[in-house]
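Residues per chain are reported as follows:
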Amino acid sequence: MRTTAIAHANIALAKYWGKANVADNLPAVPSLSLTLDRLRTITRVEVIESLEQDEITLDGVRLEGRPRERVVTLLDRVRNQAGISAFARVTSRNELPTAAGLASSASGFAALAMAGARAYGLSLSDTELSALARRSSASAARSLFGGFVALEAGKESAERVAPASVLPVSMVVTLTAKGPKPIGSTEGMLHTAATSPYYAAWLESAPKLYDEIRHAVLAGDLETLGAAMEQSALAMHASMWAARPAITYFTPTTLAVMARVRELRSAGTPAFYTMDAGPHVKVLVKSTDADRIAAELAGVAGVESTLVAGPGPDPRLDEGVEV
Ligand code: DP6
């Protein structure tokens, strides 16, 4: 059986950082994201009786080591549930700017869960697919839904909070040069929990920020959403900076873009930044302002390019799409 799925990346407005249960990969804090249209992963899974092991290719390169193991682990769960032992050929392509360090495990594991389950003959609900993706990468649970999506602390699966239409916003993604070799988010959050004296403060403040963000989304209140979103991102990064040794994803360009966003805001344009496990800055703006702000931010020294992403849809199966 052969199946192809398309899933979209998401950017957390209220951040997930830390695990309530490491073995089951349950998040310690609630998070809320916006699924994006432009950034997506297309994954084909073919179950082939004659294979002696899974063959996994991402963007034309055969995966080995830990990245391969993470994919095989998800496929093993699907095989167990389906009662089928045959291996699979997995071919995946990221429609993300190349070498941007935006490589999203979220869209990747969401597409893999959807295509993999179907290829092995399982008919899982969106909620079940979200739980399957979450066990590989918690942020991937949120990519099983379009629009605004929440994953509550300790919960198995994400759920849609609101359709994109509640708030007409876009994300301006500024791609900056790579910083020092980053630590992955899984390892980074475990290290923060183990060594940062600010991790406890993060666990205490994150749910309050999440509540504020959720209410602001539902109320269509961009100003309140933006202020709480910036605080969520910076509180998360502050917990990492206080780890030993510190985890620093920011580069001078990250800080320069943040400063420019604050200037734009002082000049009357609502624009709010958020940063994840990398140096790039994603700026939440009114959709009608997005192109102008993207052009402004492209002029900040160190910014290599910008792109505008609008709200994205649910993932879907699409047998016609090229991989
Ligand atoms: C900073 O979902 O990559 O992007 O569950 O260990 O795979 P694992 O972590 P992952 O963490 C994402 C962290 C973040 C914030 C967020 O997306 O909420």
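Residues numbered from 1 in each chain as written. Predicted model: local features only at pLDDT ≥ 70, side-chain atom pairs only at ≥ 80, totals over all residues. Heavy atoms only, no water.

**Student:** Would you mind going over the overall build of the protein with me for this structure?
**Tutor:** Broken down by element type, the protein carries nine helices and 14 strands. Computed over C-alpha atoms, the radius of gyration of the protein comes to 19 Å, within 12% of the 20 Å expected from 2.2 N^0.38 for 323 residues, which places it in the range of a compact globule. In terms of its C-alpha atoms, the protein occupies a principal-axis envelope of roughly 60 × 40 × 40 Å. Out of the 323 residues belonging to the protein, those deemed buried represent 54%. At a minimum sequence separation of 6, the contacts of the protein that also span at least 24 residues come to 76%. For the protein, the exposed area adds up to about 13300 Å²; of that, 51% sits on carbon and sulfur atoms. The centroid of the 32 positive side-chain charges in the protein is displaced by 2 Å from the centroid of its 34 negative side-chain charges. (Helix = DSSP H or I, 4+ residues; strand = E, 2+ residues; numbered from the N terminus. Rg over C-alpha atoms; globule rule 2.2 N^0.38 Å. Buried < 20%, exposed > 50% of the residue type's maximum accessible area, 1.4 Å probe, protein only. Contact = heavy atoms within 4.5 Å. Areas by Shrake-Rupley, 256 points an atom, 1.4 Å probe, with all protein chains shown as cover. Lys, Arg positive; Asp, Glu negative; His and termini not counted. Charge placed at Lys NZ, Arg CZ, Asp CG, Glu CD.)

**Student:** Can you help me understand the site of the ligand in this one?
**Tutor:** Around the ligand sit 19 residues, and of these Tyr16, Lys19, Ala138, Ser139 and Thr186 come closest. Measuring from an oxygen atom of the ligand, one finds a backbone N or O atom of Ala138 at 2.8 Å. Contact with the protein chains hides 93% of the accessible area of the ligand, taken as 460 Å² for the molecule alone. Secondary structure elements with two or more residues in the shell around the ligand: helix 4 (138-142) and helix 5 (185-195). Residues that form the shell around the ligand fall into these classes: seven nonpolar, seven polar and five charged. (Near = heavy atom within 4 Å. Polar contact = N/O pair within 3.5 Å; in protein donor to acceptor, adjacent residues only side chain to side chain. Nonpolar A, V, L, I, M, F, W, Y, C, P; charged D, E, K, R; others polar.)

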